[in-house]
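# Results of the structural survey
Each chain, written out:
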Amino acid sequence: MPQPCGDILLDEKAIAAAVERLAVQIQSDYAGQSLVVIGILKGAAIFMADLIRRLKLPLRVDFLRVSSYGADGRSGDLRLEFDLTQSVADCHVLVLEDVVDTGQTLRFVRPHLMGKGALSVKFCSLLKKKTSPADLQVDYVGFEVGGDYVVGYGMDLDGFYRNLPWIERCDPTKP
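My aim in this report is to walk through the structure given alongside it, one point at a time.

On to the overall build of the protein chain. Secondary structure assignment for the protein chain yields 3 helices and 9 strands. Listing each helix as α and each strand as β along the protein chain from the N terminus yields β-α-β-α-β-β-β-α-β-β-β-β. Its C-alpha atoms give the protein chain a radius of gyration of 16 Å, within 12% of the compact-globule value 16 Å for 175 residues. Counting only C-alpha atoms and orienting by the principal axes, one finds that the protein chain spans roughly 50 × 35 × 30 Å. Per-residue burial over the protein chain gives 42% buried out of 175 residues. Within the protein chain, contacts between residues separated by at least 24 positions form 65% of all contacts whose residues are at least 6 apart in sequence.

Shown next as structure tokens:
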């Protein structure tokens, strides 16, 4: 595994507190309803595991994998690599993201799920970059962060660092 990227931006304690705060908000908003929680792979997997264990609601889980990276590593056209394995028709859906940056994924996912008959689609992201589009609707946000590249707690650089229990800044141009 490569050496640590940089300084810790959010430690384990801060992340746990944010996950708990988000769970309380979500549970309050969906009280008396069932929910389908959809994680955007791969980055949201750890966040999703921690969050859903705190929700005392009837819920189902599923995953989507959406990619905007081509073979050359550059951002490109969005494509659905893995779709849902169960129906969301007539269901309230909460989509979990690790980090919202350009909003391209969320703009793709909402109509995709509404087209499958979802009653509602809301978004929850652990991180939202301050540089993300102002008109982008993210219903639940753990932290607003600057534009730095970050790794840890599910987020990666070339597949590494997902297992870090904290989030740290990383310069993807340095080896």
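It is at 9 Å that the axes of helix α1 (residues 12-29) and helix α2 (residues 45-52) come closest, and there the two elements cross at 60°. Classed by the angle they form, the pair α1 and α2 counts as oblique. In this structure, α1 meets α2 at a crossing whose hand is right-handed. On α2, the residues touching V19, L22, A23 and I26 of α1 are F47, D50 and L51. Here the contact of α1 with α2 is composed, by residue class, of 6 nonpolar, no polar and 1 charged.

In this section: the environment of D7. In this fold, D7 is placed in the segment before β1 (8-10). In this structure D7 comes out as partly exposed when scored by relative accessible area, which is 44%. Sequence separation of D7 and C170 is 163 residues, and the distance between their C-alpha atoms is 8.0 Å. Apart from the residues lying within four places of it in its own chain, the contact partners of D7 are E168 and R169.

A few words on the nonpolar core. Of all hydrophobic cores here, the largest spans 28 residues; its most connected members are I26, F47, L51, L96, C124, L127 and I167. Taken together, the elements giving at least two residues each to this core come down to α1, β2 (35-41), α2, β5 (92-100), β6 (120-129) and β7 (140-145). For this core, the leading source of residues is α1, giving 6 residues. Contacts of L51, omitting those with residues within four sequence positions, involve V19, L22, A23, I26, L96 and C124. The next biggest cluster of nonpolar side chains, apart from the first, holds 19 residues, and it includes I40, V66, V95 and V109.

Sheet analysis places β1 next to strand β9 (residues 167-170), joined by 2 bridges and oriented antiparallel. Within the sheet, the bridge partner assigned to L10 lies in β9 and is I167. Strand direction decides the pairing type here: strand β8 (residues 149-151) and β9, joined by 3 bridges, are antiparallel. Among the inter-strand pairings, V150 is bridged to a residue of β9, identified as R169.

How each quantity is defined
Residues numbered from 1 in each chain as written. Predicted model: local features only at pLDDT ≥ 70, side-chain atom pairs only at ≥ 80, totals over all residues. Heavy atoms only, no water. Helix = DSSP H or I, 4+ residues; strand = E, 2+ residues; numbered from the N terminus. Rg over C-alpha atoms; globule rule 2.2 N^0.38 Å. Buried < 20%, exposed > 50% of the residue type's maximum accessible area, 1.4 Å probe, protein only. Contact = heavy atoms within 4.5 Å. Axes fitted to C-alpha atoms, helices over the stretch in contact; angles between N-to-C directions. Parallel < 35°, antiparallel > 145°, perpendicular 65-115°, else oblique. Left-handed = near helix turned anticlockwise from the far one by under 90°. Nonpolar A, V, L, I, M, F, W, Y, C, P; charged D, E, K, R; others polar. Core = buried A, V, L, I, M, F, W, Y, C linked by side-chain atoms within 4.5 Å. Pairing = 2+ DSSP bridges.

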